[in-house]
Amino acid sequence: MDEKLTRKYIPVMIEKKWRRIWEEKKVNYTDINTKNKKYYCLDMFPYPSGSGLHVGHWRGYVLSDVWARYKRLHGYHVLHPMGWDSFGLPAENDAIKKGIHPKISTRNNIENIRRQLKEIGAMYDWSKEINTSDPEYYRWTQWIFLQMYHKNLAYRAEMPINWCPACKTGLANEEVINGTCERCGSPVEKKKLMQWMLKITSYAERLLADIEKLDWPEKVKTMQKNWIGKSEGASILFTLDNNPDIKLEVFTTRPDTLFGATYVVLAPEHPRALEITLPEQIPDVKRYIEEATNKSDIERTNLLREKTGVFTGAFAINPVNNKKVPVWIADYVLAHYGSGAIMSVPAHDQRDFEFAKKFGLPIIEVIYSENASRNPDGSLASAYEGAGILINSQQFNGIDSEQAKISITQWLKNMNKGDFKTTYKLRDWVFSRQRYWGEPIPIIYCKKCGTVPVNEKDLPVILPDVESYKPTGTGKSPLAAIKEFVNTSCPICGGPAERETDTMPQWAGSSWYFLRYPNSNLETAPFDKKIVDKWLPVDCYVGGVEHAILHLLYARFFTKFLYDIGAIGFDEPFLRLFNQGMVTKFSEKTGKIEKMSKSKGNVVNPDPLVEKYGTDTVRLYELFIGPPEVDSEWNDSGIEGCYRFLRKAWDFIIEQVEKNYNETDKQSKIKLHQLIKKVTERIEGFKLNTAISAFMEFIKDIPDDACFSRQDIEKFIVLLSPFAPHFAEELWCEVLNHAETVFNDRWPEFENKFIFEETITIPVQVNGKLRGTLIVGKDEDSESILKSALELESVSRFVSGRHIVKQIYVPGKIVNIVTKQ
RNA sequence: GCGAGGAUGGCGGAAUGGCAGACGCGCUGGACUUAGGAUCCAGUGGGUAACCCCCGUGAGAGUUCAAAUCUCUCUCCUCGCACCA
């Protein structure tokens, strides 16, 4: 007897060994030039934080690894890479806190997290590792920026942007959460700065329409749709009464209510606000505008706040009936949406209704409906915002409001007083950051030639090493203080010139990293079109829902742009998206069950668990904890069950191999094939928690005298290998003496002839209540089943003396006998 | 306010019209043992002396032979959006 066969499952003895061998033998190396069918399984790459990985991070990585290995066992060449999103605020803020240069701390953090990631035992192909702060990587991020610049999609504009006073930088619209900074939670202020912007709005319609093509969670698709925020309506021109040269453009989705427009409102930031104001009103208006612009977003968007506004003294002409209506300024109108001006219809818009009530402006009802809520005197108690029939609207009276939207807009269009118009909530992407740790924007300013892009051959524009990398708060990045960086020569005239000193946002590098992995070492281009067209789009993308808008929208935008310039042959980056649920735990700090995070003090470090139970047990438990897409609470003690299971499964396999049966007994064959079916279906459905419970049931139900052939034991090992790769590899190679890795084998298939058992247990109900069970042959006919059901003592007891109304037998499922007194 | 998702034992969860609580944790009892925080066996929703029986999937109604599952009303929780005209 081989002494190997008598040993126990001791994970520490096998796991490190196999990780070493896999690395040495390049088992996880993906040959990009394979002729085989490909599969691209991608994890959202982490930013290398100083605190390392906790068990919450593991969850998504284990999930995607099981899926990647499962695909590999189906014969796919699987690309499953990993890298570092290492530029940007998180890395930089961490570095500032610890007083370590971000370049150093990023390198250290990467070392640590790479070690932790390797402990997961995932089949990452580390030869393709990428790092967004590596000059060889970010030269291509800069290259993409230049391509956008050449297509007029990158432009410079001075505008009030969101400014985080703590991070001392401008932020994109997407980075502001409820008026606070996405990174640090500080209230965001407005600051007028010269900014580089990306014209993502040019892609609004396509970004919206193509959502339909994606196999993504509905929730994420809805969030993106709402963010893009398409709305269709009309733009209408109101001419100023005392100056017909000035036309105020308003946007409305309710042109059908135009006859009910009783005043016009401009946003305080509207460019013509002061121009149209009558001289005697100027002091009041000025004061109001100042107050409004100084308010933070949080104050401005507080719904409970009472409406404020100021009259300009000016009047405009309603184009449909030539009525004079007053022009007001109020901060409930947003400057950046539509045209920054509205027509106010208090009868049919609650906000206008409140404003009109407060300032005594007229309310004219133009859409009639019985559903409107009214005061006893018949006047409106609140605005009626639904559909109805037009009244008080001259030639349009009696028309249905939906129809009137079209008719009235068409009438305006014919008169050159308006047109159909679609607007989006999506705004252009503020792309400048006044921070050190990011990709320098590759632009040079020359007194003579103006704004000049850096020549592509001069990329990358290297981020200089500096002593002082702290944000300045002056509206300029720390790079502005470095003469050697700033002073350069103009690429066109060769004269003295200055470099742009702002850097790109954190999201720049991650907007295209998925294109770099298959050709991560390519030196002449960001990617090879032939290679990316073969390997992309990503077949399955796994990551947290927190990136639903920011990263996923930006990546879709970059992909569509690269498609448009012919660099790639596809226009969506991620076909399928899977959002794993968060791992939560009770936090002593907040007294609540919360997402695991260092700041909440509720993180669980996987390292000691790996040491005690081994990686494979931790992997199993990460999956077993709950359905992958749902948040789950971590509980350390639950892990024991997974450890016990692996030990039992190990002993079972060793015992069967020792016994060396030639054939599997009939019952065991059935159980095995049922297991193959269950596990296969559950992996396909991403129900990995129940896939594991299927294994547990299998091991629990095996009788002592069960016999499995070597071939069937091998099937069992393959089945378990995606979940517990070290465990499976040890048994496969050391116990069953295979020369090649188990992951070069094939996923077993179940055979229907083994799925069905000879006899089945049928529950028998009387009036819907369970009264007994019946063991029947699988082909027994319903008549004899119903007959023997009635013969059951436990059944006849409830039937005797009563009249049988109905007998139901659902084949293979249930018997129900319905009786009446 | 609008939109989406959810509520099942002491706990994580299973079951998508057909035996509610699979599987795991925890707990109880037993075996083995010098010992047990190891291992194995049995039990474990509530009521009940009971393995008879009754009740039970947030609350209430309905459809059905049969409802955790479908329909309606309500409550609570989580997430997203929120003066977007």
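Residues numbered from 1 in each chain as written. Chains lettered and ligands numbered in written order. Predicted model: local features only at pLDDT ≥ 70, side-chain atom pairs only at ≥ 80, totals over all residues. Heavy atoms only, no water.

What follows deals with the overall build of chain A. Of regular secondary structure, chain A possesses 27 helices and 32 strands. Over its C-alpha atoms, taken along the principal directions, chain A stretches across nearly 105 × 85 × 50 Å. Counting all 821 residues of chain A, 55% fall into the buried class. Residue pairs at least 24 apart in sequence account for 72% of intrachain contacts in chain A once pairs closer than 6 positions are excluded. Between the averaged position of the 109 positive side-chain charges in chain A and that of its 109 negative side-chain charges there is a distance of 1 Å. (Helix = DSSP H or I, 4+ residues; strand = E, 2+ residues; numbered from the N terminus. Buried < 20%, exposed > 50% of the residue type's maximum accessible area, 1.4 Å probe, protein only. Contact = heavy atoms within 4.5 Å. Lys, Arg positive; Asp, Glu negative; His and termini not counted. Charge placed at Lys NZ, Arg CZ, Asp CG, Glu CD.)

A word on the pairing of strand 30 (residues 769-777). Bridge count for strand 29 (residues 759-766) against strand 30 is 8 bridges, and the pairing is antiparallel. Bridge pairing in strand 30 links T759 to G777. Hairpin connection of strand 29 to strand 30: 2 residues between the antiparallel strands, including N767 at a positive phi of 50°. (Pairing = 2+ DSSP bridges.)

If you walk across this open sheet you meet the 4 strands as 6-5-9-19, and the pairing is antiparallel. Because the sheet does not close on itself, it has two edges, and the strands there are strand 6 (169-171) and strand 19 (429-430). Pairing analysis gives 2 bridges linking strand 9 (residues 189-198) to strand 19, with the strands arranged antiparallel. Among the inter-strand pairings, M197 is bridged to a residue of strand 19, identified as V430. Packed onto the sheet, helix 5 (residues 135-150) meets strand 5 (154-164) and strand 9 and runs at close to 85° relative to strand 9. (Axes fitted to C-alpha atoms, helices over the stretch in contact; angles between N-to-C directions.)

Turning our eyes to something else, we now look at empty space enclosed by the protein. Going through the model one piece at a time under the given rule, you end up with 2 cavities of 30 Å³ or more. By volume, the largest cavity amounts to about 70 Å³. Lining of the largest cavity is provided by G88, L89, E92, E175, R433, R435, W437, T503, M504, P505 and Q506. Taken together, the residues of the lining of the largest cavity sort by class into 4 nonpolar, 3 polar and 4 charged. By volume, the second largest cavity is sized at about 40 Å³. Lining the second largest cavity are R59, L63, Q580, E622, L623, G626 and P628. Of all the secondary structure elements, the ones that give two or more residues to the lining of the second largest cavity are helix 2 (55-72) and helix 19 (615-624). By residue class, the composition of the lining of the second largest cavity is 3 nonpolar, 2 polar and 2 charged. (1 Å grid on protein atoms, 1.4 Å probe; cavity = no way out; pocket = protein on both sides within 12 Å on 5 of 7 lines; lining within 4 Å. Points joined across faces, edges and corners; volume = space filled by probe spheres on them. Nonpolar A, V, L, I, M, F, W, Y, C, P; charged D, E, K, R; others polar.)

So, about the confidence of the model for chain A. For chain A, per-residue confidence averages 90 on the pLDDT scale, and 99% of positions sit at 70 or higher. Across residues 1-5, where pLDDT falls below 50, the model places 7 contacts with residues more than four positions away in sequence or in other chains. (pLDDT = per-residue confidence, 0-100.)

For the rest of this paragraph, the subject is the domain arrangement of chain A. Taken as a whole, chain A is organised into domain 1 (1-28 + 597-753), domain 2 (31-151 + 201-216 + 432-580), domain 3 (231-423) and domain 4 (759-820). On a C-alpha basis, the centres of domain 3 and domain 4 stand 71 Å from each other. (Domains from an automatic or database assignment.)

A surface patch of positive charge is lined by R644, R647, K648 and K700. In terms of residues, the positive patch owes the most to one element, helix 20 (residues 639-659), which gives 3 residues. Tracing the backbone shows R644 in helix 20. Owing to a relative accessible area of 43%, R644 belongs among the partly exposed residues under this scheme. (Patch = residues over 30% accessible without salt bridge, like charges linked within 9 Å, V, L, I, M, F, W, Y side chains within 5 Å. Areas by Shrake-Rupley, 256 points an atom, 1.4 Å probe, with all protein chains shown as cover. Salt bridge = Lys/Arg side-chain N within 4 Å of Asp/Glu carboxyl O.)

Time to look at the pairing of strand 5. As defined by bridge partners, strand 5 adjoins strand 9 across 10 bridges and the pair is classed as antiparallel. Considered in strand 9, the bridge of A157 is made with Q195. Bridge count between strand 5 and strand 6: 3 bridges; the pairing is antiparallel. Bridge pairing in strand 6 links W163 to G170. Counted between consecutive antiparallel strands, the loop separating strand 5 from strand 6 contains 4 residues, among which K168 sits at a positive phi close to 55°.

Assignment of secondary structure puts Y137 in helix 5. For the pair formed by Y137 and L515, sequence separation is 378 residues and the distance between their alpha carbons is 11 Å. Residue contacts for Y137: discarding those within four places in its chain leaves I130, N131, T132, G509, W512, Y513 and R516. Side-chain polar atoms of Y137 contact the backbone nitrogen of Y513, separated by 3.4 Å. (Polar contact = N/O pair within 3.5 Å; in protein donor to acceptor, adjacent residues only side chain to side chain.)

One pass over the full model with this rule turns up 51 aromatic pairs. When the centroid spacing of 5.7 Å and the interplanar angle of 75° are considered together, the rings of F311 and F315 count as edge-to-face. A relative accessible area of 22% places F311 in the partly exposed class. The exposure class of F315 is partly exposed, given its relative accessible area of 29%. A connected cluster of aromatic rings, assembled from ring pairs, spans F145, Y149, W196, Y203, W429, F431, W507, Y554, F557 and F558. Positioned above the aromatic ring of F485, the side-chain terminus of R499 is 5.7 Å from the ring centre. Positioned over the ring face of F686 is R576, at 4.4 Å from the centre of the ring. (Phe/Tyr/Trp six-rings, centres within 6.5 Å; stacked < 30°, edge-to-face > 60°. Lys NZ or Arg CZ within 6 Å of the ring centre and 35° of its normal.)

What follows covers the sheet that holds strand 28 (residues 632-633). With mixed pairing, the 3 strands of this open sheet are ordered in space as 27-26-28. Strand pairing shows two members of the sheet lacking a second neighbour, strand 27 (593-595) and strand 28, which therefore form its edges. Strand direction decides the pairing type here: strand 26 (residues 583-586) and strand 28, joined by 2 bridges, are parallel. Within the sheet, the bridge partner assigned to T584 lies in strand 28 and is E633.

One can find D528 in the loop between helix 15 (513-516) and helix 16 (529-535). The sequence separation of D528 and P518 amounts to 10 residues, and the corresponding C-alpha distance is 8.8 Å. Beyond its immediate sequence surroundings of up to four residues, D528 is in contact with N519 and L522.

This part takes up the pattern of salt bridges. Applying the stated criterion to the full structure yields 49 salt bridges. Residue K324 is joined to D241 by a salt bridge in which the shortest nitrogen-to-oxygen separation is 3.5 Å. Linking K324 in strand 14 (residues 324-329) with D241 in the loop between strand 10 (231-240) and strand 11 (243-252), this pair joins segments that are 83 residues apart in sequence. Several salt bridges share partner residues, and in doing so they unite D210, K213, R556, K560, D571 and E572 into one network.

One can describe the packing of helix 1 (residues 11-24) onto helix 24 (residues 725-735) by two numbers: an axis separation of 9 Å at closest approach and a directional angle of 80°. Accordingly, the angle class assigned to the pair helix 1 and helix 24 is roughly perpendicular. Facing I14, E15, K17, W18, R19 and W22 of helix 1, the residues of helix 24 in contact are P725, H726, F727, E729, E730, C733 and E734. Residue composition of the contact of helix 1 with helix 24, grouped by class: 6 nonpolar, 1 polar and 6 charged. (Parallel < 35°, antiparallel > 145°, perpendicular 65-115°, else oblique.)

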